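Spelled out from the first residue to the last, the chains are:
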Amino acid sequence: MQELDEKCENRKKIPTKRLALAGILLAAALVLSLVESLIPPIIPAAPYAKVGFANIVLIVALLTLGYPYAILIMLLKCVFIAVFSGNMFSLAYSIPAGFVAYTVSALVFRIPKTGIIAVSVISGMIHNFVQNAVASIVIGKNLWLLSPYLMLIGAIAGLATGVIAFVLLKSLPENAEI
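Conventions we followed
- Each chain carries its own residue numbering, running from 1 in the written order of its sequence.
- In keeping with the predicted nature of the model, local features appear solely for residues at pLDDT of at least 70, side-chain atom pairs appear and are counted solely at 80 or more, and the whole-chain, interface and lining totals rest on all residues.
- Side-chain numbers come from the whole structure's heavy atoms, not from hydrogens or water.
- A run of H or I in DSSP counts as a helix once it spans at least four residues, and a run of E counts as a strand once it spans at least two, with each numbered from the N terminus.
- Multiplying 1.5 Å by the helix residue count minus one yields the expected span of that helix.
- In this scheme, patches are assembled from residues that exceed 30% relative accessible area and form no salt bridge. Like charges are connected within 9 Å, while nonpolar side chains (Val, Leu, Ile, Met, Phe, Trp, Tyr) are connected within 5 Å.
- Computed with the Shrake-Rupley method and a 1.4 Å probe, the accessible areas treat only the protein chains shown as cover for residues.
- Any carboxyl oxygen of Asp or Glu that lies within 4 Å of a side-chain nitrogen of Lys or Arg is treated as forming a salt bridge with it.
- Burial classes: relative accessible area under 20% of the type maximum marks a residue as buried, over 50% as exposed, and values in between as partly exposed (1.4 Å probe, protein chains only).
- Contacts are residue-level and defined by heavy atoms, with any inter-residue pair within 4.5 Å sufficient.
- Only the stretch in contact is used when fitting a helix axis, every axis being a line fitted to C-alpha atoms; angles between N-to-C directions are given from 0 to 180 degrees.
- Roughly parallel covers angles under 35 degrees, roughly antiparallel covers those over 145, roughly perpendicular covers 65 to 115, and oblique covers all other angles.
- The handedness criterion is simple: a crossing whose near helix is rotated anticlockwise from the far helix by less than a right angle is left-handed, and one whose near helix is rotated clockwise is right-handed.
- Polar here means any residue outside two lists: the nonpolar Ala, Val, Leu, Ile, Met, Phe, Trp, Tyr, Cys and Pro, and the charged Asp, Glu, Lys and Arg; Gly therefore counts as polar.
- Take the buried Ala, Val, Leu, Ile, Met, Phe, Trp, Tyr and Cys residues and link them wherever side-chain atoms come within 4.5 Å; each set so joined is a nonpolar core.
- Classification of ring pairs rests on two measures: the distance between centres of Phe, Tyr or Trp rings, Trp counted by its six-membered ring, which must be within 6.5 Å, and the angle between planes, read as stacked under 30 degrees, edge-to-face over 60 and tilted in between.

**Some words on helix H3 (residues 67-85)**
Here's step 1: The terminal C-alpha atoms of H3 lie 27 Å apart, and with 19 residues this matches the ideal 27 Å at 1.5 Å per residue to within 8%.
Here's step 2: Of the residues flanking the end of H3, it is glycine 86, one or two places downstream, whose phi is positive at about 75 degrees.

**Looking at a nonpolar patch on the surface**
Here's step 1: A contiguous nonpolar patch, built from Leu34, Leu72, Leu76, Val79, Phe80, Val83, Phe84 and Met88 and spanning about 660 Å² of accessible area, is present on the exposed surface.
Here's step 2: Sort the elements by how many residues they give to the nonpolar patch and H3 lands first, with 6 residues.
Here's step 3: Position of leucine 72 relative to the elements: it lies in helix H3.

**What about the side chain of serine 105?**
Here's step 1: In this structure, serine 105 sits in helix H4 (residues 91-108).
Here's step 2: Overall, the relative accessible area of 3% leaves serine 105 in the buried class.
Here's step 3: Setting aside chain neighbours within four positions, we find serine 105 in contact with Leu62, Val119 and Ser123.

**A look at the packing of H3 against H4**
Here's step 1: It is the contact of H3 with H4, at a shortest axis distance of 10 Å, that shows an interaxial angle of 165 degrees. Classified by the angle between their axes, H3 and H4 sit roughly antiparallel to one another. The two elements H3 and H4 cross, and the hand of that crossing is right-handed. Here Tyr67, Ile71, Met74, Leu75, Cys78, Val79 and Ala82 of H3 come into contact with H4, specifically with Leu91, Ser94, Ile95, Gly98, Phe99, Tyr102, Thr103 and Ala106.
Here's step 2: Class assignment for the residues of the contact of H3 with H4 results in 12 nonpolar, 3 polar and no charged.

**Side note on the nonpolar core**
Here's step 1: Core analysis: the largest hydrophobic core is formed by 29 residues, its most contacted members being Leu25, Ile73, Met74 and Ile116.
Here's step 2: Take this core: its biggest share by element is 8 residues, from helix H2 (residues 54-64).
Here's step 3: When sequence neighbours within four positions are dropped, the list of residues in contact with isoleucine 73 reads Ala22, Leu25, Leu26, Leu58, Ala61 and Leu65.
Here's step 4: Judged by nonpolar contacts, the second largest core, of 8 residues, contains Tyr93, Val130, Val134 and Ala135.

**Quick look at the packing of aromatic side chains**
Here's step 1: Scanning the model with the defined rule gives 3 aromatic pairs in all.
Here's step 2: For the ring pair phenylalanine 89 and tyrosine 93, a centre distance of 5.6 Å and an interplane angle of 75 degrees mean the geometry is edge-to-face.
Here's step 3: On the basis of relative accessibility, which here comes to 19%, the residue tyrosine 93 falls in the buried class.
Here's step 4: Taken together, a centroid distance of 5.4 Å and an interplanar angle of 40 degrees make the contact between phenylalanine 129 and tryptophan 144 tilted. With phenylalanine 129 in helix H5 (residues 116-139) and tryptophan 144 in the loop between H5 and helix H6 (147-171), the pair connects residues that are 15 residues apart, well separated along the chain.

**Quick word on H6**
Here's step 1: Under the 1.5 Å per step criterion, the end-to-end length of H6 is 35 Å for 25 residues, consistent within 8% with the ideal 36 Å.
Here's step 2: Residues of H6 that are buried in the fold lie against H2 and H5.

If you want it as C-alpha cells, here you go:
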C-alpha cells in the first residue's frame, strides 16, 4: 500500500513541476516579447520584422516539456501580447504562423540527428512564409514576391534564436527532472 502511495505522489509531482515550468517559460516569453517590442525595427521598411527572442523560450519548451506545452505557451503568448499591445488583429497572423511553424518543428525534431539550430532556421522561414500567406489573403493582394525575402529574414532570425537556444539548453543540468 505504501508503494502505491509513493507512486501516486510521484505522478502528482511531475505534472506540477511541468506546469510550474510552463508558467515560468510563458512569463519569460512574454517579457522577451514585450522588451523586443521596445527595440526599434532592424529593417525600417519592415517594422514588424523582429528577431523573435521569445522563440528561444518556445524552443526550450518544445524540447523540455514537449509539443502540447510548447503550443499552449505559444498560443497564450500570442493572445497576451495581442491584449497588451491592444492589437487583437495580430492574432490573425501570429496564431496560424506560430501553430504551423511549431508543428513542423516538432515533426522535424523527430528526424534523427536534426539539430536545434537547423530546426529553428526552418521554423523561422515557415513562420514568415505563413504570415505572408495570411497577409495575402487578408489584404487580397498577391504578396508572394516577398516570400523569398521574408524567408531569408526568417532564416537569419531562426539562426540567431537557434544558437541562443542551443547554448541555453547546453547550460542546463543533464539530470534536471522535469
